[in-house]
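# Reading the structure
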Amino acid sequence: MLVTKWLIFVPIINLTNDFLKQLDRPKNKKKEVFFDITCRGLMFEVRNSGGRTYYLKYRDGRGHTRQQKLADARDITLRQARQLADKKKSQIAMGHDPLEAKRILKQIPTVTTFIHTRYLPYVESYKRSWKCDKGLLKNHIEPIWGDRYLDQITKDDIIELMAKHRETHAPGSCNRLLILLRYMFSLPSKWDLPYAVTNPTKGIPLMKEETIKERFLSSDEAQTLNLQLLSSDNPMLQYIVPMLLLTGARKREVLDARWEDFDFERRTWRIHTTKLGKPRHVPISDGVKEVLKQVPKLNTTWVFPNPKTLKPYVSIWHSWNRARSNADLAEVRMHDLRHSYASFLVNSGRSLFEVQRLLGHTQVKTTQRYAHLSHETLLDASNAVTLAVGPLFSKE
């Protein structure tokens, strides 16, 4: 019905170049419009300011009348305006609304805006390492792409960024940045945002990382290290390190342990602050029970607090470094205590499933790195066949 009003009040003529050239500015009104009889919906507007513009009038999918600017008459010819109008009408017929596309385009945020209004508020709600993400984005992404719109980041941009990043960073650091970007660019689509963009990281593989040689303590090395712990200037180190070695827990899990988390009746330790953000339970072995029995009880809920502050240690690196160096184990990292725990389990004949459960791994492939067995263990296993079969050759 709205189109009918145009037919009544708006002139519909056969627009020609001569007509448009001779057309004067309207004197008693701000503008005057003319519809082209040969190209449905094409409208020419002339204003008393002298401006001349081509528009397209159409109905959207909901039946509403819409008007889209095609171009200034100084930039395209009448023939080009008709071609452009026909192209737009074809798109509309196929369900593509140019004005809606333009509206969505205006909603696309810059990289910095998306980071601070969408990404960081989201990861802060569940990701323990969100501050690490914030630092990576602040130092390596925002200075380069901050003012660019999210849909302007291309695969070439990602490739160029990673190549430059590799000049000063190890493959592992490069991969962490790429994984972060891959996840960030996937969120608009996962959240069904109207401006879901193509993920520019798609198809870009991770760099091959150098295999880190894991260090496993022997029983003798564990005893030597323990002797140095007893003389440490950190009075809690002699309990913290054995706790790490006897449970395979992560450093932060032990440092943040609370007395209320230990159920000695059921012999289980409930860890709140796990790497995955989900609590898990660790058995209280006889060795762990003995360590906890020896820990001095201070007036605090924390099991291994700093005696000066009665709060968990922020870092114990210096005292640990002195102890391992004095034990001639300077290459042993604190996380190697967790590896050693797993190694002792495997070499004692425990299954990978048991090791997986005790370490809190969600996937068995993570535990697979401990699938090595000591030569002695393999030899004992091989000799079991000999004992079972008995002598096969008679002695002469």
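Residues numbered from 1 in each chain as written. Predicted model: local features only at pLDDT ≥ 70, side-chain atom pairs only at ≥ 80, totals over all residues. Heavy atoms only, no water.

The secondary structure content of the protein chain amounts to 17 helices and eight strands. Looking at the protein chain residue by residue over its 396 residues, the buried ones come to 38%. Sequence-distant contacts in the protein chain: of pairs separated by 6 or more residues, those separated by 24 or more amount to 53%. Put simply, the protein chain shows about 24,700 Å² of open surface, and 53% of that area lies on carbon and sulfur atoms. (Helix = DSSP H or I, 4+ residues; strand = E, 2+ residues; numbered from the N terminus. Buried < 20%, exposed > 50% of the residue type's maximum accessible area, 1.4 Å probe, protein only. Contact = heavy atoms within 4.5 Å. Areas by Shrake-Rupley, 256 points an atom, 1.4 Å probe, with all protein chains shown as cover.)

This paragraph deals with the sheet that holds strand S1 (residues 12-13). Remark on secondary structure: sheet strands pair via backbone hydrogen bonds, oriented parallel or antiparallel. The strand order across the open sheet formed by five strands is S1-S2-S3-S4-S5, and the pairing between neighbours is mixed. The open sheet has two edge strands, S1 and strand S5 (65-72), and neither has a second partner. When strand S2 (residues 31-36) meets strand S3 (residues 42-47), the two strands line up antiparallel, connected through five bridges. Bridge pairing in S3 places Val33 opposite Glu45. Seen against the sheet, helix H3 (residues 78-93) touches S2, S3, strand S4 (52-59) and S5 and runs at an angle of roughly 25° to S4. (Pairing = 2+ DSSP bridges. Axes fitted to C-alpha atoms, helices over the stretch in contact; angles between N-to-C directions.)

In this section: the pattern of salt bridges. Counting across every chain of the model gives 19 salt bridges. When the shortest N-O distance is used, the salt bridge between Glu45 and Lys31 registers 3.5 Å. Residue Glu45 is located in strand S3, and its partner Lys31 is located in strand S2; the two are separated by 14 residues in the primary sequence. Look at Glu45 and you get buried, because its relative accessible area is 5%. In this structure Lys31 comes out as partly exposed when scored by relative accessible area, which is 44%. Where Arg258 meets Glu260, a salt bridge forms, and the shortest distance between an N and an O atom there is 3.9 Å. On the basis of relative accessibility, which here comes to 22%, the residue Arg258 falls in the partly exposed class. A relative accessible area of 59% means that Glu260 is categorised as exposed. One salt-bridge network, in which partners are shared between bridges, spans Lys31, Glu45 and Arg47. (Salt bridge = Lys/Arg side-chain N within 4 Å of Asp/Glu carboxyl O.)

What follows deals with helix H15 (residues 352-359). Within H15 the residues assigned to the buried category are Val355, Gln356 and Leu359. The arc that holds every buried residue of H15, seen down its axis, measures 100°, which confines them to one face. Those residues of H15 that are exposed and aimed more than 90 degrees away from the buried face are Phe353 and Arg357. Those residues of H15 that are buried lie in contact with strand S8 (280-283), helix H14 (336-347) and helix H16 (364-367). (Arc of directions from axis to C-beta.)

Turning our eyes to something else, we now look at the confidence of the model for the protein chain. With 90% of its residues at a pLDDT of 70 or more, the protein chain shows a mean pLDDT of 86. Low confidence marks residues 1-8, where pLDDT is under 50. Its contacts with residues over four positions away, or in another chain, come to ten contacts. (pLDDT = per-residue confidence, 0-100.)

Nonpolar side chains in soluble globular proteins tend to be buried together. Among the nonpolar cores identified, the biggest contains 36 residues, and Ile240, Trp269, Phe304 and Leu337 are the most heavily contacted of them. Mapped by element, the contributors of at least two residues to this core are helix H9 (219-230), helix H10 (237-247), helix H11 (251-255), strand S7 (268-271), helix H12 (286-294) and helix H13 (317-326). Dropping the residues within four chain positions of it, Trp269 is found in contact with Met243, Thr247, Ala249, Glu253, Val254, Ala257, Asp261, Phe262, Arg280, His281, Val282 and Ile284. If you look at the next biggest cluster of nonpolar residues, it comprises 29 residues, including Trp130, Leu136, Ile158 and Met184. (Core = buried A, V, L, I, M, F, W, Y, C linked by side-chain atoms within 4.5 Å.)

Here the focus is the packing of aromatic side chains. A complete count under the given rule lists nine aromatic pairs for this structure. When the centroid spacing of 5.4 Å and the interplanar angle of 85° are considered together, the rings of Phe19 and Phe34 count as edge-to-face. Placement of Phe19 in helix H2 (residues 17-22) and of Phe34 in strand S2 is noted, with a sequence separation of 15 residues between them. Pairing Phe114 with Trp191 gives two aromatic rings, centres 6.4 Å apart and planes at 40°, and the pair type is tilted. With Phe114 in helix H5 (residues 111-124) and Trp191 in the loop between helix H8 (171-190) and H9, this pair connects stretches of sequence that are 77 residues apart. (Phe/Tyr/Trp six-rings, centres within 6.5 Å; stacked < 30°, edge-to-face > 60°.)

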